[in-house]
Amino acid sequence: MPAQLTVSPFCVCPDSVGCVDPEECVRVCGAQVGCSNIAYPKLVIELLPSGELIQKGSVWLGGLRGLMIAVMMAALMSSLTSIFNSSSTLFTMDIWKRFRREASERDLLLVGRVVTVILVAVSVVWIPILQSSNSGQLFIYIQSVTSCLAPPVTAVFLLAVFWRRANEQGAFWSLMLGLAVGLSRMALEFAHPAPPCGAQDWRPSLVKDVHYLHFAVVLCLLTAAAMVGLSLLTSPPAESQIKGVTWWTSSLERWPSPPPLSAPKSLSGRDVSGAEKYESRDELPQSCFCNGVPCGPPSLGAGRAPAEDPGDRTESPFWARVCGINAIILLCVNVFFYAYFA
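Cut-off values and rules
- Residues numbered from 1 in each chain as written.
- Predicted model: local features only at pLDDT ≥ 70, side-chain atom pairs only at ≥ 80, totals over all residues.
- Heavy atoms only, no water.
- Helix = DSSP H or I, 4+ residues; strand = E, 2+ residues; numbered from the N terminus.
- Contact = heavy atoms within 4.5 Å.
- Areas by Shrake-Rupley, 256 points an atom, 1.4 Å probe, with all protein chains shown as cover.
- Buried < 20%, exposed > 50% of the residue type's maximum accessible area, 1.4 Å probe, protein only.
- Axes fitted to C-alpha atoms, helices over the stretch in contact; angles between N-to-C directions.
- Parallel < 35°, antiparallel > 145°, perpendicular 65-115°, else oblique.
- Nonpolar A, V, L, I, M, F, W, Y, C, P; charged D, E, K, R; others polar.
- Salt bridge = Lys/Arg side-chain N within 4 Å of Asp/Glu carboxyl O.
- Phe/Tyr/Trp six-rings, centres within 6.5 Å; stacked < 30°, edge-to-face > 60°.
- Lys NZ or Arg CZ within 6 Å of the ring centre and 35° of its normal.
- Patch = residues over 30% accessible without salt bridge, like charges linked within 9 Å, V, L, I, M, F, W, Y side chains within 5 Å.
- Expected span 1.5 Å × (residues − 1).
- Polar contact = N/O pair within 3.5 Å; in protein donor to acceptor, adjacent residues only side chain to side chain.
- Core = buried A, V, L, I, M, F, W, Y, C linked by side-chain atoms within 4.5 Å.
- pLDDT = per-residue confidence, 0-100.

Enquirer: Run through the overall build of the protein, naming residues and quoting values.
Expert: Within the protein, the secondary structure is distributed over eleven helices and four strands. Put simply, 56% of the contacts in the protein that link residues at least 6 apart link residues at least 24 apart. Only carbon and sulfur atoms are counted for the fraction: they give 66% of the accessible area of the protein, which is about 24100 Å².

Listed below in structure tokens is the structure:
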């Protein structure tokens, strides 16, 4: 679906969305490189029906334009609120609370709201930078930023899952290295935007000759190599730290069943608490009833049936491997589509 939504506007509107001449692109959308930013709005506004009813075979279509705009706005609001909420929570709990350990819940709530307002202001100020980067092409901007920031996380996550020798020191410092290299590349892209078609390209060789997708592969391999080297130079993790969290230690042993509970022994007609032991309900005094329900000593419940054993609560190894293999297949398919259609 993402590939079809990306390619179909160029087939439907080749003169506007798929323009090649810089002057024509400037006339259509105001950008010299291309008009891919108007692909989705053009599909929604010009091709979908608005308020009138249109019959397509046996199906009546009406109001799809407003529906798709509402869907787009809902998705935008959901994404922004989740990002702002997560960012403010990270700052409040991981940074602010370290300096103000005695801060109350009211103070933390106020700080979180202030951080959210600051993030909204920074996002608005960032719009001109986004327009100047990659000639304002939003799709290429998202892919280039993702190629600079996502590969270190991907490399560390894959090695942590599939390599038992990976440890905390290797993961942390390899992430720092990958983040520094990725931010350096992203800063160069912001400082040296792509020139118009036909103009001389004076950008640095790292930006001009290395595509951002190729850079993502190199950054991922660099981070993986750094993590392997640092993990081998430091002490390995303990077995208790990797049990159940890696591919090779995901098969947990069956949890031992708790030992059966035995009834407390009585001492000369009394239970362990010193209270008199009664064998039946009729022998209980009237004071041992609460609203008609006996509230006698625990010796009355000694004859109750023991609790049922919950049984094996571990995951079946067969289905665990099936889920793991499906995850690897989906990962390979996503990487293929990402590299092919980008």
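Enquirer: I'd like to hear about the side chain of T92, residue by residue, with values.
Expert: If you trace the backbone, T92 turns up in helix α4 (residues 64–99). For T92, a relative accessible area of 4% gives the class buried. Discounting chain neighbours no more than four positions away, the residues touching T92 are K97, L108, V111 and G112.

Enquirer: Quick rundown of the packing of helix α6 (residues 138–162) against helix α7 (residues 168–191)? Include the residues and the values.
Expert: For the pair α6 and α7, the least separation of the axes is 8 Å and the interaxial angle reads 170°. Between α6 and α7, the angle falls in the class roughly antiparallel. Counted together, Y141, S144, V145, C148, L149, P152, V153 and V156 of α6 and A171, S174, L175, G178, L179, G182, L183, R185, M186, E189 and F190 of α7 form the full contact between these two elements. Here the contact of α6 with α7 is composed, by residue class, of 13 nonpolar, four polar and two charged.

Enquirer: Before we move on, could you go through the pattern of salt bridges and cite the residues and values that matter?
Expert: Pairs can form between side chains of opposite charge whenever their charged atoms are close. In this structure the tally under the stated criterion is two salt bridges. Of the charged contacts, one joins E239 and R164 as a salt bridge, the two residues approaching to 3.0 Å between their closest N and O atoms. A residue pair is termed long-range when its members are at least 10 positions apart, and E239 in helix α10 (residues 239–242) and R164 in the loop between α6 and α7 qualify at 75 residues. Taking relative accessible area as the criterion, E239 reaches 51% and is therefore assigned exposed. The salt bridge involving R185 is made with E189; its shortest N-O contact spans 2.8 Å. Taken together, the residues R185 and E189, both in helix α7 and four residues apart, mark about one turn of the helix.

Enquirer: Explain the packing of aromatic side chains to me, using residue names and the numbers behind them.
Expert: Tallying each qualifying case throughout the model produces seven aromatic pairs. Between the aromatic rings of Y141 and F190, the centroid separation amounts to 6.2 Å while the plane-to-plane angle is 25°, which identifies the pairing as stacked. Taken as a pair, Y141 in helix α6 and F190 in helix α7 lie far apart in primary sequence, 49 residues in all. F190 sits in the partly exposed class, given a relative accessible area of 24%. Aromatic rings pair up to connect W126, Y141 and F190 into one cluster. Seen from the ring of F215, R185 lies directly overhead, with NZ or CZ sitting 5.0 Å from the centre.

Enquirer: Describe in detail a nonpolar patch on the surface, supporting the description with residues and values.
Expert: There is a patch of nonpolar side chains on the surface, built from F157, L158, F162, W248, I328, L331 and V335 and spanning about 660 Å² of accessible area. Among the secondary structure elements, those contributing two or more residues to the nonpolar patch are α6 and α11 (317–341). In this fold, F162 is placed in helix α6.

Enquirer: Quick rundown of α4? Include the residues and the values.
Expert: Since the α-helix packs 3.6 residues into each turn, any two residues three or four apart lie on the same face. The end-to-end C-alpha distance of α4 is 52 Å, a good match for the 52 Å that 36 residues give at a rise of 1.5 Å each. Listing the buried residues of α4 in full gives F84, S88 and T92.

Enquirer: An account of the environment of K42 is requested, with residue identities and associated values reported.
Expert: By the element assignment, K42 lies in helix α3 (residues 39–47). With a relative accessible area of 18%, K42 lands in the buried category.

Enquirer: Talk me through α7; I want residue IDs and the actual numbers.
Expert: Between its first and last C-alpha atoms α7 spans 34 Å; for 24 residues at 1.5 Å apiece the expected length is 34 Å, and the two agree. G170, A171, S174, G178, G182, R185, M186 and E189 are the residues of α7 that are buried. The inward-facing, buried residues of α7 abut α6, α8 (205–208) and α9 (212–233). Between a side-chain oxygen at the N-terminus of α7 and the backbone nitrogen of G170 the separation is 3.0 Å; the capping residue is N167.

Enquirer: With reference to specific residues and values, describe the nonpolar core.
Expert: In this structure, A155, V156, L159, A166, A171, A224 and M227 together form the largest nonpolar core, which totals seven residues. Of all the secondary-structure elements, those providing two or more residues to this core are α6 and α9. Sort the elements by how many residues they give to this core and α6 lands first, with three residues. Residues within four places of A171 in sequence aside, it is in contact with V156 and M227. Y141, V145, M186 and L219 belong to the second-largest nonpolar core, a separate cluster that totals six residues.

Enquirer: Got a sec to walk through the confidence of the model for the protein? Specific residues and values, please.
Expert: Looking at the protein as a whole, its pLDDT mean stands at 76, while 66% of the residues score no less than 70. Looking at the elements of the protein, mean pLDDT is at its lowest for helix α1 (residues 2–12), recorded as 49, and at its highest for α9, recorded as 94. Contacts from residues 265–275, a stretch scored under 50 in pLDDT, to residues over four places away or in other chains number 13 contacts. This model gives residues 298–303 a pLDDT under 50, and the stretch forms six contacts once residues within four places in sequence are excluded.

Enquirer: Kindly report on the packing of α3 against α4, identifying the contributing residues and their values.
Expert: Look at α3 against α4: their axes get within 8 Å of each other, and the N-to-C directions meet at 150°. Residues Y40, V44 and I45 of α3 touch α4, and the partners they reach there are R65, M68, I69 and M72. Taken together, the residues that form the contact of α3 with α4 break down as six nonpolar, no polar and one charged.

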